[in-house]
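The chain contents come next:
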Amino acid sequence: MPRGTHLSQHDQGQIQALRLNNWTIRGITAHLSRSGNVVATFLGNLGLYGKKKRPCRSKRIGTARRALLREAHKGHLCSLELVKTRSLPVTPSTVRGILRATPTIQYSKVVPAPMMLPRHKIAREQWCREKVTWTVSDWMNVVWSDEKKFNLDGPDAFGSGTIGTIYGPTRMFSKRQQGEDSVMVWGAFSGTKKFALAVLNGKQDANKYIDTLESYLLPFVDQEMGPSWMFIQDGASIHRAKRTFSGLKRRKFLS
């Protein structure tokens, strides 16, 4: 809402005179056609009216705006870190307002991922150097596998999305009265070949994982893969367990 005009010296004198004659604030506002708030504010602070500075609603960022946007486009600093890094004379909330008004910058949630330690990076680089000379036929002999859990009552994390208007209906998904349930499956592929999908029962551990590989992986590789196939899995806890590695070596999955 726009700010009203300031009371002139004449207006201030009229208000004081009418008030001394026992006029009500409502009567004064009607007589002078002024806002009741401004009349009440003036009468409540006769000695301070017009002397108190109005607080600045937003500081000007000036020439640092371009540097701010250039740093923000890198996508690795939050608003507080941007203020500290660029030594900006504004608050983080002001920076967030500038970023929201920039069409090339979009707010998004940070996606959780496993921590990458230096030893992980070294191992990955070494693995890539060893495989850089592989041909398409070499990669066709690699077997990739993983598990996936499907929740019957929606995702594990909070769902999110956008709606066309803030006045629209609340978005929701239905849940069964007796709580959540889920189905976990195991699958694998190699080149153009797909393995049979396995529906797993109960909570998975190293022993069940070895049983899954014996029941679904071994029969397929015996029929479809050559003698020099390679098995690759991710770093899930049941994949990295000591019992898993000993079981894989005992069954000659690993050398």
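In every chain, residue numbers begin from 1 and rise along the written sequence. In keeping with the predicted nature of the model, local features appear solely for residues at pLDDT of at least 70, side-chain atom pairs appear and are counted solely at 80 or more, and the whole-chain, interface and lining totals rest on all residues. Just so you know, side-chain values use all the structure's heavy atoms and leave hydrogens and water out.

Draft legend 1. Region of interest: the packing of aromatic side chains. Between the rings of Phe, Tyr and Trp (Trp by its six-membered ring), a pair exists once the centres lie within 6.5 Å; its type follows the angle of the planes, with under 30 degrees stacked, over 60 edge-to-face, and the other angles tilted. Inspection of every chain in the model, using the stated rule, returns five aromatic pairs. Where W127 meets W139, the ring centres are 5.9 Å apart and the plane angle is 55°; that geometry is what we call tilted. Here W127, found in helix α7 (residues 118-131), pairs with W139, found in helix α8 (residues 136-139); they are twelve residues apart in sequence, far enough to count as distant. Residue W139 is classed as partly exposed on the basis of its relative accessible area of 29%. An aromatic cluster is defined as three or more aromatic residues linked by ring pairs; in this entry it consists of W127, W134, W139 and W144. Above the plane of the ring of F150 lies K148, whose end atom (NZ or CZ) is 5.9 Å from the centre. Under the DSSP-based scheme used, a helix requires at least four consecutive residues in state H or I and a strand at least two consecutive residues in state E, with every element numbered from the N terminus. When accessible area is computed with a 1.4 Å probe and restricted to protein chains, residues below 20% of their type maximum are described as buried, those above 50% as exposed, and intermediate ones as partly exposed. Counting as a charge over the ring demands two things of the Lys NZ or Arg CZ atom: a distance within 6 Å of the ring centre and an angle within 35 degrees of the ring normal.

Draft legend 2. Region of the structure containing the confidence of the model for the protein. Looking at any residue, its pLDDT shows the predictor's confidence there, from 0 to 100. Residues of the protein with pLDDT of at least 70 account for 80%, and the chain-wide mean is 79. Between residues 161-168, whose pLDDT stays under 50, and residues either more than four places distant or in other chains, the model counts three contacts. Contacts are assigned to residue pairs that have any heavy atoms within 4.5 Å of one another.

Draft legend 3. Structural detail: the nonpolar core. Grouping buried Ala, Val, Leu, Ile, Met, Phe, Trp, Tyr and Cys residues that are joined through side-chain atoms within 4.5 Å yields what is termed a nonpolar core. By size, the foremost hydrophobic cluster in this structure holds 16 residues, and its most contacted members are V143, W186, F195, L213 and L217. Taken together, the elements giving at least two residues each to this core come down to β2 (182-190), β4 (198-200) and α9 (206-224). Here this core takes six residues from α9, the largest share from any one element.

Draft legend 4. Main features of the pairing of β2. Paired strands, in this sense, are two strands between which DSSP finds at least two bridges. Inspection of the sheet shows strand β1 (residues 142-151) paired to β2 by eight bridges, in the antiparallel sense. Each bridged residue has a counterpart across the sheet, and for N151 the counterpart in β2 is S182. In the sheet, β2 pairs with β4 via three bridges, with the strands oriented antiparallel. Bridge pairing in β4 places M184 opposite L200. Relative to strand β3 (residues 193-194), β2 is paired through two bridges, and the arrangement is antiparallel. Looking across to β3, one finds that F189 is bridged to K194. Taking the residues between adjacent antiparallel strands as the criterion, β2 and β3 are bridged by two residues, where G191 takes a positive phi near 60°.

Draft legend 5. Structural context of the environment of L200. With respect to the secondary-structure elements, L200 resides in strand β4. Looking at L200, the relative accessible area reads 13%, which means it is buried. With 52 residues separating them in the primary sequence, L200 and K148 have C-alpha atoms 9.9 Å apart. Not counting chain neighbours up to four residues away, the residues in contact with L200 comprise E147, M184, V185, W186 and T212.

Draft legend 6. Summary view of a nonpolar patch on the surface. Candidate patch residues must exceed 30% relative accessible area and have no salt bridge, after which like charges are joined if within 9 Å and Val, Leu, Ile, Met, Phe, Trp or Tyr side chains if within 5 Å. To be clear on the numbers: accessible area is Shrake-Rupley with a 1.4 Å probe, and residue cover counts the displayed protein chains and nothing else. Think of a salt bridge as a Lys or Arg side-chain nitrogen and an Asp or Glu carboxyl oxygen that are within 4 Å of each other. A cluster of nonpolar side chains, F150, L152, V183 and V199, forms an exposed patch at the surface whose accessible area comes to about 360 Å². Its place among the elements puts V199 in strand β4. Judged by its relative accessible area of 52%, V199 is exposed.

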